[in-house]
Amino acid sequence: MDQIKIGKFIAWKRKEQNLTQAQLAEKLGITDRAVSKWETGKSLPDASIMLEMCALLGITVNDLLCGEVVSMENYNEQMENSLIEMIKQKERADKKLLTMEIVIGLTSSIFLFAMLAVGIIFMTLEKPIWAFILPVGIGFVQFIICMAFALRIEQVAGYYECRKCGHRYVPSYKAVSLAMHTGRMRYMKCPKCGKKSWQKKVISDINPEI
Ligand SMILES: [Zn+2]
């Protein structure tokens, strides 16, 4: 997706409707800074206001994502390209998130062990008991917070694939946190076939084998 092209297109269509950035922003209930960011290609409108904005500018969402008015002739083709591009963007973002999860997990574990070491050293130096409890407590609290966050990433980034029927889906946070796991494989119940299996993490929701 070409954000610069989309930005210029938004600016052009806004002017065509005789709207200033501030007027368009007001109609959408957002700041004019947000509109300016779209028009300079720094960001895209949120999906939540995309429809309303397109209606105001007299364009379709497909026009918006292509950065031009799409003729009816190649409408389907362009629509598919836009969709594929959006899916690719999600996949790239998910991959980044999953890398971030590893970084969070590692940093947090190292910090936990460091705090345990500090606590043990203090204990051997016969310091008061809080000199042990405090670092160990801090270590565990940050570890639990980071793990909850990492688990959230694992739930929302990408999909899980059922071993039995090949169905790919996003499980609930509860299902992910309660499931047995080794690495990223989780033992969960498939919402489609209802069977339990060791499900692997995948980036795309389309299973090429089914
Ligand atoms: Zn299944």
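Residues numbered from 1 in each chain as written. Predicted model: local features only at pLDDT ≥ 70, side-chain atom pairs only at ≥ 80, totals over all residues.

Q: Would you explain the overall build of the protein in this entry?
A: The number of helices and strands found in the protein is eight helices and five strands. When the helices and strands of the protein are read in sequence order from the N terminus, they spell out α-α-α-α-α-α-α-β-β-α-β-β-β. Its C-alpha radius of gyration of 24 Å places the protein more than 25% over the 17 Å reference for a compact globule of 210 residues. With the C-alpha coordinates of the protein rotated into their principal frame, the extents come out at 75 × 45 × 25 Å. Residues counted as buried form 16% of the 210 residues belonging to the protein. (Helix = DSSP H or I, 4+ residues; strand = E, 2+ residues; numbered from the N terminus. Rg over C-alpha atoms; globule rule 2.2 N^0.38 Å. Buried ≥ 20, exposed ≤ 12 C-beta atoms within 10 Å, placed from the backbone.)

Q: Looking at this model, I keep getting lost on the pairing of strand S4 (residues 185–189). Mind explaining?
A: For a regular strand, side chains alternate in direction, first toward one face of the sheet and then toward the other. The alternating pattern of S4 places Arg186 and Met188 on a buried face, while none of Met185, Tyr187 and Lys189, on the opposite face, is buried. As paired elements, strand S3 (residues 180–182) and S4 share three bridges and run antiparallel to each other. Residue Thr182 lies in a different strand from S4, and its bridge partner there is Met185. Count of turn residues in the S3/S4 antiparallel hairpin: two residues, of which Gly183 carries a positive phi of about 60 degrees. As paired elements, S4 and strand S5 (residues 196–202) share four bridges and run antiparallel to each other. By the bridge assignment for S5, Lys189 is matched with Lys196. If you look at the hairpin formed by S4 and S5, you'll find six residues sitting between the two strands, and Gly194 has a positive phi there, around 75 degrees. (Pairing = 2+ DSSP bridges.)

Q: Help me out: how do you make sense of the environment of Thr99 in this one?
A: Looking at the secondary structure, you find Thr99 in helix H6 (residues 75–124). The spacing of Thr99 and Ile153 is 54 residues in sequence and 9.9 Å in space, taken between C-alpha atoms.

Q: Even after reading the chapter, I still don't get unusual backbone geometry, so can you show me in this structure?
A: Both trends apply: most residues other than glycine have a negative phi, and most peptide bonds are in trans. Of note, Asn18 is a non-glycine position whose phi angle comes to about 55 degrees, a positive value. In this fold, Asn18 is placed in the loop between helix H1 (3–16) and helix H2 (21–28). Asn18 sits in the exposed class, given 7 other C-beta atoms within 10 Å.

Q: How should the packing of H2 against helix H4 (residues 47–57) be read in this particular structure?
A: Angle between the axes and distance between the axes are the two parameters that describe a pair of packed helices. Between H2 and H4, whose axes approach to 10 Å, the crossing angle comes to 130 degrees. If you check the angle between H2 and H4, you find them oblique. Here H2 runs over H4; the crossing is right-handed. In this structure, H2 uses Leu24, Lys27 and Leu28 to contact H4, whose residues at the interface are Ile49, Glu52, Met53 and Leu56. Here the contact of H2 with H4 is composed, by residue class, of five nonpolar, no polar and two charged. (Axes fitted to C-alpha atoms, helices over the stretch in contact; angles between N-to-C directions. Parallel < 35°, antiparallel > 145°, perpendicular 65-115°, else oblique. Left-handed = near helix turned anticlockwise from the far one by under 90°. Contact = placed C-beta atoms within 7 Å. Nonpolar A, V, L, I, M, F, W, Y, C, P; charged D, E, K, R; others polar.)

Q: Is there a simple way to explain the domain arrangement of the protein in this structure?
A: One frequent convention defines the size of an interface as the accessible area lost when the parts assemble. With domains assigned, the protein is organised as domain 1 (3–70) and domain 2 (90–202). Relative placement of domain 1 and domain 2: their C-alpha centres are 39 Å apart. (Domains from an automatic or database assignment.)

Q: Mind showing me how you'd approach the nonpolar core here?
A: In summary, soluble globular proteins display a tendency toward joint burial of nonpolar side chains. By size, the foremost hydrophobic cluster in this structure holds 10 residues: Ile6, Phe9, Ile10, Leu24, Val35, Trp38, Leu64, Leu65, Cys66 and Val70. Elements with a minimum of two residues in this core: H1, helix H3 (32–39) and helix H5 (61–66). (Core = buried A, V, L, I, M, F, W, Y, C linked by C-beta atoms within 7 Å.)

Q: How should the pairing of S5 be read in this particular structure?
A: Both strand S1 (residues 159–161) and S5 contribute to a ladder of three bridges, which runs antiparallel. Bridge pairing in S5 links Tyr160 to Lys201.

Q: Honestly, the sheet that holds S1 in this entry has me stumped. Any pointers?
A: Think of a sheet as strands paired side by side through backbone hydrogen bonds, with each pair either parallel or antiparallel. The strand order S2-S1-S5-S4-S3 describes an open sheet built from five strands, whose pairing is antiparallel. Here the strands that pair on one side only, and so sit at the sheet edges, are strand S2 (168–169) and S3. As paired strands, S1 and S2 are joined by two bridges and run antiparallel to one another. Bridge assignment links Glu161 to a residue of S2, and that residue is Arg168.

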